[in-house]
Amino acid sequence: GNQPGVLGTQGYVGSTWLRGYQTTDANGQLVFTTIYPGWYASRATHFHFEVYNGTALVKIGQLTMPETISDAIHVTDGYNGTINTTRNANDSVFGNSATDFANQTMTLTGSITAGYAATQTIGVAV
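Predicted model only: the values in this text are computed from it and were never measured.

Once that is clear, we can look at the confidence of the model for the protein chain. When pLDDT is averaged along the protein chain, the result is 82; 83% of the residues meet or exceed 70. Looking across the protein chain, the model is least confident in helix α2 (residues 98–104), with a mean pLDDT of 68, and most confident in strand β3 (residues 107–111), with 94.

Written out as structure tokens, the structure reads:
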């Protein structure tokens, strides 16, 4: 909510940008529905996440999607009609480690018309 905004000309203080929280089930699993993300300058298309154990923050991370799917979605009418030029491998977070990159890229099933589903396992020490 304290982002400087587009070119510093539009303030975003107090904005939440699709942020929310959910509680896992007894197996530590949850399901959420969201829109496919866009991107911001110098970053690949991605989601941020945080994992809490009660009130203690135990993990922060980001997940990305296959570029072929992101590219196909971003050129549709619902998005800005252009492909994100910051590729996953060149991203300042995802490009740091080949091992981390593989673990941070979700596998998606579905289609643009039907929607996509992703499953990602995120391990945390308890």
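Attention now moves to the packing of aromatic side chains. Throughout the structure, instances matching the rule amount to one aromatic pair. Seen from their ring centres, F32 and F47 are 6.4 Å apart, and the 80 degrees between their planes marks the pair as edge-to-face. Of this pair, F32 sits in the segment before β1 (46–53) while F47 sits in strand β1; the two residues are 15 residues apart in sequence, bridging distant segments of the chain.

Moving on: helix α1 (residues 67–74). Buried within α1 are the following residues: I69, S70, D71, I73 and H74. Packing partners of the buried residues in α1 comprise β3 and β4 (115–119).

Each value, and the rule that gives it
- Residues numbered from 1 in each chain as written.
- Predicted model: local features only at pLDDT ≥ 70, side-chain atom pairs only at ≥ 80, totals over all residues.
- Heavy atoms only, no water.
- pLDDT = per-residue confidence, 0-100.
- Helix = DSSP H or I, 4+ residues; strand = E, 2+ residues; numbered from the N terminus.
- Phe/Tyr/Trp six-rings, centres within 6.5 Å; stacked < 30°, edge-to-face > 60°.
- Buried < 20%, exposed > 50% of the residue type's maximum accessible area, 1.4 Å probe, protein only.
- Contact = heavy atoms within 4.5 Å.

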